[in-house]
Amino acid sequence: MLADKGRKWLLDAIHNKKKLNDYEERVQKLEKEAESFRKRQTSFEAGIEHEINKKISESRRNIERMYGERFDEIQKEIKSEEGRRKKSKEKQVRKRIDETNESLIIANRGLDEQLNSLSEKHKVSVKSNSRLYFTLLTPKGAKECAIAGAIVFGLTALVLLLLRFLIPDNVQWIFFILFSAVYALIYIIKSNYVTTNMRYLEESRQIYDKMQNNERIMAANAEKVRNDPREGIYDLKSFDERLAELRKLLENQLLEKDAKLHEFEAKTAKEMEANIREHYAEEVRNGIKQVEEKAKELDETRKNRNRLRDFVRQNYDDQLPEDLRSIECLTDLAEKIEHGDAGNVEEARVQYYAGE
């Protein structure tokens, strides 16, 4: 009778421990399922948020792109109108400069004709009205003397360098003599030309100086006209009116864009978000329901496991040494009682420790 009672107690312990193990496995499985459900729901809701942000961003970019194209067109037209205005002003400035310098231009034409008549009168072989011509033949003032000297010195230095580096040493003296002779010949020809045409050079120089003085006056007049800040004297009203109109249009477009974006953020974007959320509302609710149901199932399973764990601890584990609480050990003890090797649990435990 005692053997049957002890064996039944051990079998009950084995049954409840196996049941507890089943609960543990069930809890672990439900925890993984619950976590999977939560992740899937979180991912699904994140996908909805991404879709909302994407569609709102696309709509916002479309508004900005639409107005950006308008801005580009208006700014391009403003730039084009400014270019036409600038060309018109430059044309009128040149006309004003020509009008201001008209008498000096006519005077220089007359002086140029005098130079031609003077060269024909004196029958000069070489004639010119350039500064270099007069600087080399009849230098006047420290500046022109310095220029003439620098030209002569530079040419001389260049020839000497060529003699030094390009001509063999044994024949350098020959080329130096030839250069000196050519230089002397040029100087004689120049001096003879100046002496022969001295009167022509003096008179033509006077005419040339007058022309140069007129040129300086005309340059000063042109600079004065260009720096004149008065734009009202030019016919630019039509350009200014058109530019003002375009700039006002651009300003209105900017204000319209700001109002459109404000309306979009305050109303349209919220409506888009509400429509998308409404579209997925049932799926979200179902997903949340599945998560909650799985969490509830997990909670119930944990409670049942905990109750059974307390029951096993109080009714079985507390009455057995720690090393005999496993299902394998309990099965071994039950088999000893069943086979008649032990009459009760205590005897079976003693035999287990004895290794019998």
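This text follows the structure it describes.
Residues numbered from 1 in each chain as written. Predicted model: local features only at pLDDT ≥ 70, side-chain atom pairs only at ≥ 80, totals over all residues. Heavy atoms only, no water.

Thoughts on the overall build of the protein
Right, so step 1: Scanning the protein from terminus to terminus reveals nine helices and zero strands.
Right, so step 2: Sorting the 356 residues of the protein into buried and exposed places 27% on the buried side.
Right, so step 3: Taking the contacts inside the protein whose residues are at least 6 apart along the sequence as the reference set, 82% of them involve residues at least 24 apart.
Right, so step 4: For the protein, the computed accessible surface area is about 24,600 Å², with 54% contributed by carbon and sulfur atoms. (Helix = DSSP H or I, 4+ residues; strand = E, 2+ residues; numbered from the N terminus. Buried < 20%, exposed > 50% of the residue type's maximum accessible area, 1.4 Å probe, protein only. Contact = heavy atoms within 4.5 Å. Areas by Shrake-Rupley, 256 points an atom, 1.4 Å probe, with all protein chains shown as cover.)

A word on the pattern of salt bridges
Right, so step 1: Counted according to the given criterion, the structure contains 25 salt bridges.
Right, so step 2: Of the charged contacts, one joins glutamate 33 and lysine 294 as a salt bridge, the two residues approaching to 2.8 Å between their closest N and O atoms. Linking glutamate 33 in helix 1 (residues 2–100) with lysine 294 in helix 7 (residues 237–315), this pair joins segments that are 261 residues apart in sequence.
Right, so step 3: Owing to a relative accessible area of 23%, glutamate 33 belongs among the partly exposed residues under this scheme.
Right, so step 4: Among the salt bridges present, the one from glutamate 231 reaches lysine 89, with a minimum N-O distance of 2.8 Å. (Salt bridge = Lys/Arg side-chain N within 4 Å of Asp/Glu carboxyl O.)

Concerning the environment of lysine 39
Right, so step 1: Following the sequence through the fold, lysine 39 ends up in helix 1.
Right, so step 2: Residue lysine 39 is classed as exposed on the basis of its relative accessible area of 53%.
Right, so step 3: The sequence separation of lysine 39 and valine 291 amounts to 252 residues, and the corresponding C-alpha distance is 9.7 Å.

Some remarks on the packing of aromatic side chains
Where two aromatic rings form a pair, the distance of their centres and the angle of their planes describe that pair.
Right, so step 1: Considering all chains together, one arrives at four aromatic pairs under this definition.
Right, so step 2: Geometrically, the ring pair formed by phenylalanine 44 and tyrosine 280 is edge-to-face, given 5.9 Å between the ring centres and 80 degrees between the ring planes. Taken together, the residues phenylalanine 44 in helix 1 and tyrosine 280 in helix 7 connect sequence positions 236 residues apart.
Right, so step 3: Ring geometry for tyrosine 67 against phenylalanine 71: centres 6.4 Å apart, planes inclined by 40 degrees, an arrangement best described as tilted. Of the two residues, tyrosine 67 and phenylalanine 71 are both situated in helix 1; the distance of four residues between them amounts to about one turn of the helix.
Right, so step 4: Residue class for phenylalanine 71 comes out buried when judged on its relative accessible area of 10%. (Phe/Tyr/Trp six-rings, centres within 6.5 Å; stacked < 30°, edge-to-face > 60°.)

Here's the deal with the side chain of arginine 85
Right, so step 1: With respect to the helices, strands and loops of the structure, arginine 85 is situated in helix 1.
Right, so step 2: At a separation of 2.6 Å, a polar atom in the side chain of arginine 85 contacts the side chain of aspartate 240.
Right, so step 3: For arginine 85, the residues in contact, after removing those within four places along its chain, are Glu231, Leu236, Phe239, Asp240 and Leu243. (Polar contact = N/O pair within 3.5 Å; in protein donor to acceptor, adjacent residues only side chain to side chain.)

Digging into helix 7
Right, so step 1: For helix 7, spanning 79 residues, the distance from its first C-alpha to its last is 108 Å, which sits close to the expected 117 Å at 1.5 Å a residue.
Right, so step 2: In the structure, helix 7 departs most strongly from a straight axis at alanine 281, where the bend amounts to approximately 50 degrees. (Expected span 1.5 Å × (residues − 1). Bend = angle between axes of the 7 residues up to and from the residue.)

Let's talk about the nonpolar core
Right, so step 1: Ranked by size, the top nonpolar core spans 18 residues in total, and within it Ile48, Ile56, Ile78 and Phe264 carry the most contacts.
Right, so step 2: Elements with a contribution of two residues or more to this core: helix 1 and helix 7.
Right, so step 3: Broken down by element, the residue count for this core peaks at ten residues, all from helix 7.
Right, so step 4: With 15 residues, the next largest nonpolar core counts Ala13, Ile327, Ile337 and Ala348 among its residues. (Core = buried A, V, L, I, M, F, W, Y, C linked by side-chain atoms within 4.5 Å.)

Description of a positive patch on the surface
Right, so step 1: On the surface, a cluster of positive charge is contributed by Lys91, Arg94, Lys95 and Arg226.
Right, so step 2: Considering each element in turn, the positive patch owes the most residues, three residues, to helix 1.
Right, so step 3: Relative to the helices and strands, lysine 91 resides in helix 1. (Patch = residues over 30% accessible without salt bridge, like charges linked within 9 Å, V, L, I, M, F, W, Y side chains within 5 Å. Lys, Arg positive; Asp, Glu negative; His and termini not counted. Charge placed at Lys NZ, Arg CZ, Asp CG, Glu CD.)

Some words on helix 8 (residues 327–338)
Right, so step 1: Here helix 8 is twelve residues long and its end C-alpha atoms lie 16 Å apart, about the 16 Å a rise of 1.5 Å per residue gives.
Right, so step 2: If you check which residues of helix 8 are buried, you get Ile327, Cys329, Leu330, Leu333, Ala334, Lys336 and Ile337.
Right, so step 3: Immediately downstream of helix 8, the backbone of glycine 340 shows phi near 85 degrees, a positive value.

Re the side chain of lysine 294
Right, so step 1: With a relative accessible area of 13%, lysine 294 lands in the buried category.
Right, so step 2: For lysine 294, the side chain forms a polar contact with the side chain of glutamate 33, separated by 2.8 Å.
Right, so step 3: Among residues more than four places away in sequence, those in contact with lysine 294 are Leu30, Glu33, Ala34 and Phe37.

These values are about where atoms sit, not about what they do.
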